[in-house]
Amino acid sequence: MRKLSPHVDTHKTKGDRVCDLIAILIFVAVIIYTLFQWNQLPEQVPIHFNGAGEVDNYGSKWFLFLLPMISAGLFALLEFLERHPETHNYPKHLSETNAPMFYQYSRRLLNRVKNLSLLLMVYIQWEVVRVALGYSTEMSNLFFGGFLALMFVVMFFGVYHMRKIK
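Residues numbered from 1 in each chain as written. Predicted model: local features only at pLDDT ≥ 70, side-chain atom pairs only at ≥ 80, totals over all residues. Heavy atoms only, no water.

Enquirer: Honestly, the packing of helix α2 (residues 66-83) against helix α3 (residues 99-132) in this entry has me stumped. Any pointers?
Expert: For any two helices packed against each other, one specifies the crossing angle of their axes together with the interaxial distance. Contact geometry of α2 with α3 gives a least axis separation of 9 Å together with a crossing angle of 175°. With respect to α3, the element α2 is oriented roughly antiparallel. Across from Leu67, Pro68, Ile70, Ser71, Leu74, Phe75, Leu78, Glu79, Leu81 and Glu82 in α2, the residues of α3 making contact are Arg107, Leu110, Asn111, Lys114, Asn115, Ser117, Leu118, Met121, Ile124 and Gln125. Each residue belonging to the contact of α2 with α3 can be placed in one class, and the counts come to 11 nonpolar, five polar and four charged. (Axes fitted to C-alpha atoms, helices over the stretch in contact; angles between N-to-C directions. Helix = DSSP H or I, 4+ residues; strand = E, 2+ residues; numbered from the N terminus. Parallel < 35°, antiparallel > 145°, perpendicular 65-115°, else oblique. Contact = heavy atoms within 4.5 Å. Nonpolar A, V, L, I, M, F, W, Y, C, P; charged D, E, K, R; others polar.)

Enquirer: Honestly, the pairing of strand β2 (residues 55-60) in this entry has me stumped. Any pointers?
Expert: Successive residues of a regular strand alternate their side chains across the two faces of the sheet. Direction of pairing for strand β1 (residues 44-49) relative to β2: antiparallel, over a ladder of five bridges. For glutamine 44, the partnering residue across the bridge sits in β2 and is serine 60. The turn linking β1 back onto β2 is made up of five residues, and glycine 53 within it adopts a positive phi angle of 85°. (Pairing = 2+ DSSP bridges.)

Enquirer: Any chance you could explain the environment of alanine 29 here in plain terms?
Expert: Within the fold, alanine 29 resides in helix α1 (residues 14-37). Once the C-alpha coordinates of alanine 29 and valine 122 are considered, the two residues, 93 residues apart in sequence, prove to be 9.2 Å apart.

Enquirer: What's the story with the packing of aromatic side chains in this structure? I'm lost.
Expert: Centre distance and the angle of the planes are the two values used to describe a pair of aromatic rings. One pass over the full model with this rule turns up eight aromatic pairs. Geometrically, the ring pair formed by tyrosine 33 and tryptophan 126 is tilted, given 4.7 Å between the ring centres and 35° between the ring planes. With tyrosine 33 in helix α1 and tryptophan 126 in helix α3, this pair connects stretches of sequence that are 93 residues apart. On the basis of relative accessible area, tyrosine 33 is assigned to the buried category, the value being 18%. (Phe/Tyr/Trp six-rings, centres within 6.5 Å; stacked < 30°, edge-to-face > 60°. Buried < 20%, exposed > 50% of the residue type's maximum accessible area, 1.4 Å probe, protein only.)

Enquirer: Looking at this model, I keep getting lost on the nonpolar core. Mind explaining?
Expert: Soluble, globular proteins show a tendency: their nonpolar side chains are buried together. Leu41, Phe49, Leu64, Ile124, Val128 and Val129 are the most contacted members of the largest nonpolar core, which has 35 residues in total. For this core, the secondary structure elements donating two or more residues are α1, β1, α2, α3 and α4 (141-163). When residues in this core are grouped by element, the largest group, 17 residues, is from α3. In contact with valine 129, other than residues within four places in its own chain, are Tyr33, Thr34, Gln37, Leu41 and Leu64. (Core = buried A, V, L, I, M, F, W, Y, C linked by side-chain atoms within 4.5 Å.)

Enquirer: Looking at this model, I keep getting lost on the packing of α1 against α2. Mind explaining?
Expert: Between α1 and α2, the shortest axis-to-axis distance is 12 Å and the interhelical angle comes to 165°. Comparing the axis directions of α1 and α2 gives the class roughly antiparallel. Considering only the axes of α1 and α2, their crossing is left-handed. Seen from α1, the contacting residues are Asp20, Ile24, Phe27 and Ile31; seen from α2, they are Pro68, Ser71, Ala72, Phe75 and Glu79. (Left-handed = near helix turned anticlockwise from the far one by under 90°.)

Enquirer: Looking at this model, I keep getting lost on the environment of proline 85. Mind explaining?
Expert: By the secondary structure assignment, proline 85 is in the loop between α2 and α3. Among the residues examined, proline 85 registers a relative accessible area of 1% and is labelled buried.

Enquirer: What is the right way to look at the side chain of asparagine 111 in this model?
Expert: In this fold, asparagine 111 is placed in helix α3. For asparagine 111, a relative accessible area of 0% corresponds to the buried category. If near-sequence neighbours (up to four positions away) are discounted, asparagine 111 is found in contact with Lys12, Asp16, Cys19, Asp20 and Glu82.

Enquirer: What should I look at first to understand the pattern of salt bridges in this one?
Expert: When the charged atoms of two side chains with opposite charge come close together, those side chains can pair. Under the counting rule described, the total for this entry stands at 11 salt bridges. One salt bridge in this structure joins glutamate 82 and lysine 12, with 3.7 Å as the shortest N-O distance. A residue pair is termed long-range when its members are at least 10 positions apart, and glutamate 82 in helix α2 and lysine 12 in the segment before α1 qualify at 70 residues. The buried category is assigned to glutamate 82, whose relative accessible area is 0%. Its salt-bridge partner being aspartate 20, residue lysine 114 comes within 2.9 Å of it at the nearest N-O pair. With lysine 114 in helix α3 and aspartate 20 in helix α1, this pair connects stretches of sequence that are 94 residues apart. The pair lysine 114 / aspartate 20 is uniform in exposure class, with both members buried. Among the charged side chains, a salt-bridge network with shared partners connects Lys12, Asp16, Asp20, Glu79, Glu82, Arg83, Arg107, Arg112 and Lys114. (Salt bridge = Lys/Arg side-chain N within 4 Å of Asp/Glu carboxyl O.)

Written out as structure tokens, the structure reads:
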């Protein structure tokens, strides 16, 4: 049976709170933008893009409410995990001595992944609206791919730093 991780209080840094605030403000701005554009949107909007960024499926414009709901749910789940780093899976050498450092790195990693995930969903919402309105014909693979690459870089370095803890 696996030993429970010790509980250690960790607190968000000012940088973490700024990242949260920026992501939430951009999220709210895109929702407001979507609502302002609602009457101009066609009944059918893009709901899926292929690997080349081209639209390959359309659906009801009401789909545009699903993305923010998924985003908010994912954000809430990752926020919960960020606030409870003792619930994460750590190496066997976790101890009372090194737990605070593991928790801090884990919490910071989750904060960055949480905010990047929210911004990625915001970008998808933005692109769906832009394509639906005819301002663009496809999603930018460069931007989307860059976002995904940034998320993997953040995760790589987060795990790398945690692996160095003894």
